[in-house]
Amino acid sequence: MNATPSPPAPLPSAGEGNESLIELRDVTKTYGQGTAEFQALRGVNLRIEPGEFVAVMGPSGSGKSTAMNILGCLDNPTSGAYVFRGLHVEQLSRNQRALLRRYYLGFVFQGFNLLARTTALENVELPLVYRGEPRVARHARAREALDAVGLRQWEKHTPAELSGGQQQRVAIARAIVTSPTILLADEPTGNLDTQRSHEIMDLLVALNRDRGITVLMVTHEPDMARYAKRIIHFLDGRVSSDHRNGEKP
Amino acid sequence: MFLSSLLLALRAIRRNLMRSFLTILGIVIGVSAVITMVTLGNGATRVVSDQIASLGSNLVMVRPGQRLGPGRDSAGAPRFKVSDAEVIQTQISGLNAVAPSTNRSVTVVYGANNWSTAITGSTDAYFTVGNWRLAGGRVFTESEQRAGKAVCVIGETVRRELFGQLPALGGELRVSNFSCEVIGVLASKGQSAMGMDQDDTIVMPLRTLQRRLTGNQDVNTILVSVVDSSRTDQVMADLRSLLRERRKIAASEDDNFSILDTRQIAETLTGTTKVMTMLLGAVAAVSLLVGGIGIMNIMLVSVTERTREIGIRLAIGALEREVLLQFLVEAVALSALGGIIGIILATLASIGLAGVMQVPFLFDPAINLLAFLFSAAIGVIFGYFPARRAARLDPIEALRHE
Ligand SMILES: Nc1ncnc2c1ncn2[C@@H]1O[C@H](COP(=O)(O)OP(=O)(O)O)[C@@H](O)[C@H]1O
Ligand SMILES: [Mg+2]
């Protein structure tokens, strides 16, 4: 399956095609105002090429989630530029960013963020609903995604009837059901036992290898980071190190 | 896009069955209560005004003493005589008919049946004034009136109770100590405005009643019907000055008689039922409000959950307007469903209760629409506006909502 659909009409056309998939230039993010002001990102520079598998590490509060939310177009940087395939995301309208999320991005949240009282299957097919996919195709793809995370037989269950690990896998299924260009996962194995965590990592590796999906994953477990091809460390709102896996930072 | 929003909304309704049910319940209670109350009130008002219409149009009632109704202050006030009616007839212009009348409660017997009823003694003008029509037979003649013949015209209730399946015309009723021939049967009028059975009546010549039952020349009431209702006020003024003169009332003294017209009677009586309708309507409006507050609560309680849901939908790529349309459709669908169920329930309840209360069922489109729109507005406002606020947030803010 090809992971690069043509951009939807309302989006301005991307650049030449020879630029990075993602580029952050001097991105800052400030929360709050006045005395409560807090700078979560203090000038982040980052380039990610198509097909990469990147692990983002760093101590708690170092700005990993903040950066992921900006990369996922869920939040806007306070200053700096976020360039997605030559497209300046920080200049796009709300609707255009929604379309970016719809057609290019899959996001796995730290807290699963599934719809309550909604079956696993319905949760997983939701992104396809907004893509206007017909019902039959939607169900087939949603089941395929649930299969991929080993939850095929749980498709009729609601989040309340699933364990934390199972909910996380439903959330992953929902993120990959569209075959996004980029999969952003914020601590996807944070709630899973070791064996499940390794299964999830194998799944991400397979998605990256077989479907060419670019994967960005936050984790604080070195065991999990080892699956990635590249590891970026955050410290105090900045990138403190960035190296290929196996190299010494 | 609309269709998919409808599908999403229907799914959301199904998912949140309890919330949907409570919302609908609030609307159903409010809508059905208001509609039922007002519909029944309208029915009751209709009964009263119908009865007043059957009283006779342009009717003016003259009675000795002041005030109408129970506790009438007539003690001491001189009675009227037949001569008063005759003078009214000759001296006042624009009159259709003048009927002096007196009532008595009696028990009448026919064969083995007996029945307690009221007998009115009057002239044939009574039938004109009271808007009575005959179901059979005839009314009494001039000569029968003058001679004080023992003849009578009976109401439908009296006929039914005494004669049943037997022919009434020509039958001889025993009234107190004399016997009286039935020469006519009145067409049914039904219940009166005060809830009395107007068909439970016997009418005989005034003279007969005076001679055989009351033993005096008194006339209780003079009923006057006016040709042109726009001249009723003039007629009443004329009546007043004529009667004051005849009864020798000094300019400084109050009337010792009262003159009322149908409009005044109507106003008094429909006034009461209208107040009742308004009272019922007010009580029902409270339930509409309570229902509305119920909906409001449900919607506000679920705002956190809905905000998170909206955050999730936005995060996976829904557009603001898609989310809004979905929530609007959901709110409208719930409100409309509740409103329709409420109207159906109210209609059934109104038909049932109208039967029990013996008032007509009058479908009132205005109140149906009004109650429906009010509840629907509450449903839509409290379902849609929190959603709109949430949909304008950045997805990450909506997701963080506590
Ligand atoms: N919505 C917010 N409002 C204020 N401060 C925030 C908010 N979100 C995160 N922060 C702060 O920003 C810093 C970085 O947070 P985050 O990106 O979640 O860190 P990480 O994911 O690396 O643990 C933290 O100190 C956190 O307290
Ligand atoms: Mg985090």
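Residues numbered from 1 in each chain as written. Chains lettered and ligands numbered in written order. Predicted model: local features only at pLDDT ≥ 70, side-chain atom pairs only at ≥ 80, totals over all residues. Heavy atoms only, no water.

**Here's the deal with the packing of aromatic side chains**
Each aromatic ring pair is summarised here by two numbers: the centre-to-centre distance and the angle between the ring planes. Residues and elements named next belong to chain B. The criterion, for reference: By convention, a stacked pair of Phe, Tyr or Trp rings (six-membered ring in the case of Trp) has centres within 6.5 Å and planes under 30 degrees apart, an edge-to-face pair has planes over 60 apart, and any other such pair is tilted. Three exposure classes are used, based on accessible area relative to the maximum for each residue type with a 1.4 Å probe and protein chains only: buried under 20%, partly exposed in between, and exposed over 50%.
For the structure on display, the rule yields 6 aromatic pairs over all chains. Taking 5.9 Å as the distance between ring centres and 85° as the angle between the ring planes, the aromatic pair formed by Tyr-126 and Phe-127 counts as edge-to-face. The exposure class of Tyr-126 is buried, given its relative accessible area of 12%. On the numbers, 5.4 Å between centres and 80° between planes, the contact of Tyr-384 with Phe-385 is edge-to-face. Owing to a relative accessible area of 38%, Phe-385 belongs among the partly exposed residues under this scheme. Of the aromatic side chains, those joined through ring pairs into one cluster are Tyr-126, Phe-127 and Phe-140.

**Some details on the packing of helix H3 (residues 120-130) of chain A against helix H1 (residues 2-15) of chain B**
Rule in force here: Throughout, an axis means a line fitted to C-alpha atoms (over the contacting stretch in the case of helices), and angles, computed between N-to-C directions, take values from 0 to 180 degrees. Helix and strand assignments come from DSSP, with helices taken as H or I runs of at least 4 residues and strands as E runs of at least 2, each series counted from the N terminus. When describing relative orientation, an angle under 35 degrees is termed roughly parallel and one over 145 degrees roughly antiparallel, while 65 to 115 degrees is termed roughly perpendicular and anything else oblique. If you view the pair so one helix is near and one far, a crossing is left-handed when the near helix is turned anticlockwise from the far one by less than a right angle, and right-handed when it is turned clockwise. Contacts are assigned to residue pairs with any non-hydrogen atoms lying within 4.5 Å of each other.
Between H3 of chain A and H1 of chain B, the least distance of the axes is 13 Å, while the angle of their chain directions is 160°. The angle between H3 of chain A and H1 of chain B places the two elements in the roughly antiparallel class. You can see that H3 of chain A and H1 of chain B cross each other, and the crossing is left-handed. From H3 of chain A, Glu-122, Glu-125, Leu-126, Val-129 and Tyr-130 of chain A reach across to H1 of chain B, where they touch Leu-8, Arg-11 and Arg-14 of chain B.

**Some words on the sheet that holds strand S3 (residues 53-57) of chain A**
All names here are of chain A. Cut-off, in case you're wondering: Only when DSSP finds a minimum of two bridges between them are two strands counted as paired.
The sheet built from 6 strands is open, its strands ordered S6-S7-S8-S3-S9-S10 with mixed pairing. Bordering the open sheet on either side are strand S6 (105-108) and strand S10 (238-244), each of which pairs with just one other strand. Averaged over all pairs of adjacent strands, the angle between strand axes in this sheet comes to 15°, irrespective of strand direction. Direction of pairing for S3 relative to strand S8 (residues 214-218): parallel, over a ladder of 4 bridges. If you follow Val-54 over to S8, its bridge partner there is Leu-216. Packed on one face of the sheet, helix H5 (residues 164-176) meets S6 and strand S7 (182-186) and runs near 170° to S6. Contacts from helix H6 (residues 194-210) reach S3, S7 and S8 within the one sheet, and its direction differs from that of S8 by about 150°.

**Let's talk about the site of ligand 1**
Our working definition: Nearness is defined per residue: one heavy atom within 4 Å of the molecule or strand is enough. Distance and chemistry together define a polar contact, namely a pair of N or O atoms within 3.5 Å, with one atom able to donate a hydrogen and the other to accept it when in protein, and with adjacent residues in sequence counting only for side-chain atoms on both sides. Method for areas: the Shrake-Rupley scheme with a 1.4 Å probe, in which residue coverage is limited to the protein chains shown. In this count, Pro and Cys sit with the nonpolar residues alongside Ala, Val, Leu, Ile, Met, Phe, Trp and Tyr, while Asp, Glu, Lys and Arg are called charged and the others, Gly among them, polar.
As a matter of local geometry, ligand 1 sits amid Tyr-31, Phe-38, Ala-40, Pro-59, Ser-60, Gly-61, Ser-62, Gly-63, Lys-64, Ser-65 and Thr-66 of chain A together with Arg-400 of chain B. Positioned at a junction of chains, ligand 1 has nearby residues supplied by chains A and B. Ser-62 of chain A is positioned with one of its backbone polar atoms (N or O) 3.3 Å from an oxygen atom of ligand 1. In this structure, Lys-64 of chain A approaches ligand 1 through a main-chain N or O atom, which is 2.9 Å from an oxygen atom. Taken by itself ligand 1 offers 560 Å² of open surface, and the protein chains cover 65% of this. Looking at the shell around ligand 1, the elements with two or more residues in it are strand S2 (38-48) and helix H1 (64-71) of chain A. Of the residues in the shell around ligand 1, the class split is 4 nonpolar, 6 polar and 2 charged.

**Digging into the sheet that holds strand S4 (residues 79-84) of chain A**
Residue and element names in this part refer to chain A. The sheet built from 4 strands is open, its strands ordered S2-S1-S4-S5 with antiparallel pairing. Looking at which strands have only one partner, the edges of the open sheet turn out to be S2 and strand S5 (87-88). As paired elements, strand S1 (residues 22-31) and S4 share 5 bridges and run antiparallel to each other. Within the sheet, the bridge partner assigned to Thr-28 lies in S4 and is Ser-79.

**Some thoughts on the confidence of the model for chain B**
Do not read the predicted coordinates in detail wherever pLDDT is low. Note the following rule: Within a predicted model, pLDDT stands for the predictor's per-residue confidence, ranging from 0 to 100.
Mean pLDDT over chain B stands at 85; residues scoring 70 or higher make up 95%. Interface confidence for the predicted complex, given as ipTM, is 0.92, next to a pTM of 0.71.

**A short note on helix H3 (residues 82-91) of chain B**
Helical geometry: 3.6 residues make up each α-helical turn, so side chains three or four residues apart lie on a common side. Residues and elements named next belong to chain B. Put simply, the test is: Arc, as used here, means the arc of the directions from the helix axis to the C-beta atoms.
When H3 is considered as a whole, its buried residues turn out to be Asp-84, Ala-85, Val-87 and Ile-88. One side of H3 holds all its buried residues, which, seen down the axis, span an arc of 160°. In this fold, the buried residues of H3 make contact with strand S2 (95-110), strand S9 (221-226) and helix H8 (232-246).

**Some remarks on the pairing of S6 of chain A**
Residue and element names in this part refer to chain A. The alternating pattern of S6 places Leu-105 and Phe-107 on one face and Gly-106 and Val-108 on the opposite face, and all of these are buried. In terms of strand pairing, S6 meets S7 through 4 bridges, oriented parallel. Looking at S7, one finds that Val-108 is bridged to Ala-185.

**A short note on the nonpolar core**
Rules: Working definition of a nonpolar core: buried Ala, Val, Leu, Ile, Met, Phe, Trp, Tyr and Cys residues. They are joined through side-chain atoms within 4.5 Å.
Membership of the largest hydrophobic core comes to 52 residues, with the highest contact counts inside it found for Ile-22, Tyr-82, Phe-84, Leu-100 and Leu-184 of chain A together with Ile-310 of chain B. Residues in contact with Phe-84 of chain A, not counting those within four places in the same chain, are Leu-21, Ile-22, Val-89, Leu-100, Tyr-104, Leu-105 and Ile-182 of chain A. Leu-121, Val-149, Val-177 and Ala-185 of chain A belong to the second largest nonpolar core, which has 38 residues in total.

**So, the pairing of strand S1 (residues 59-64) of chain B**
Residues and elements named next belong to chain B. Counting buried residues along S1, 6 of its 6 residues qualify, which places the element largely inside the surrounding structure. Judged by which residues are buried, S1 turns out to be covered on both faces: Leu-59, Met-61 and Arg-63 on one side and Val-60, Val-62 and Pro-64 on the other are all buried. The pairing of S1 with strand S10 (residues 257-261) spans 5 bridges and is classified as antiparallel. Within S10, the residue paired with Arg-63 across the bridge is Ser-258.

**As for the pattern of salt bridges**
Operational definition: The salt bridge criterion pairs a side-chain nitrogen of Lys or Arg with a carboxyl oxygen of Asp or Glu, the two atoms within 4 Å.
Counted under the stated rule, the structure contains 31 salt bridges over all chains. In this structure, the salt-bridge partner of Lys-156 of chain A is Glu-155 of chain A, at a minimum N-O distance of 3.2 Å. For Glu-155 of chain A, a relative accessible area of 9% translates into the label buried. In this structure, Asp-210 of chain A and Arg-209 of chain A form a salt bridge, with 3.1 Å as the shortest nitrogen-oxygen distance. Each of the two residues, Asp-210 of chain A as well as Arg-209 of chain A, counts as exposed. When salt bridges that share partners are traced, they join Arg-94 of chain A together with Glu-320, Arg-392 and Asp-394 of chain B into one network.

**Considerations on helix H2 (residues 94-104) of chain A**
A large share of H2 of chain A lies buried, amounting to 8 of its 11 residues. What H2 of chain A keeps buried is the set Gln-96, Arg-97, Ala-98, Leu-99, Leu-100, Arg-101, Arg-102 and Tyr-104 of chain A.

**Section: a nonpolar patch on the surface**
To be explicit about the condition: A residue counts toward a patch only above 30% relative accessible area and without a salt bridge, and it is joined to like-charged neighbours within 9 Å or, for Val, Leu, Ile, Met, Phe, Trp and Tyr, to nonpolar neighbours within 5 Å.
Residues Met-18, Phe-21, Leu-22, Leu-25 and Ile-29 of chain B make up a contiguous nonpolar surface patch of roughly 460 Å² in combined accessible area. With a relative accessible area of 56%, Met-18 of chain B lands in the exposed category.

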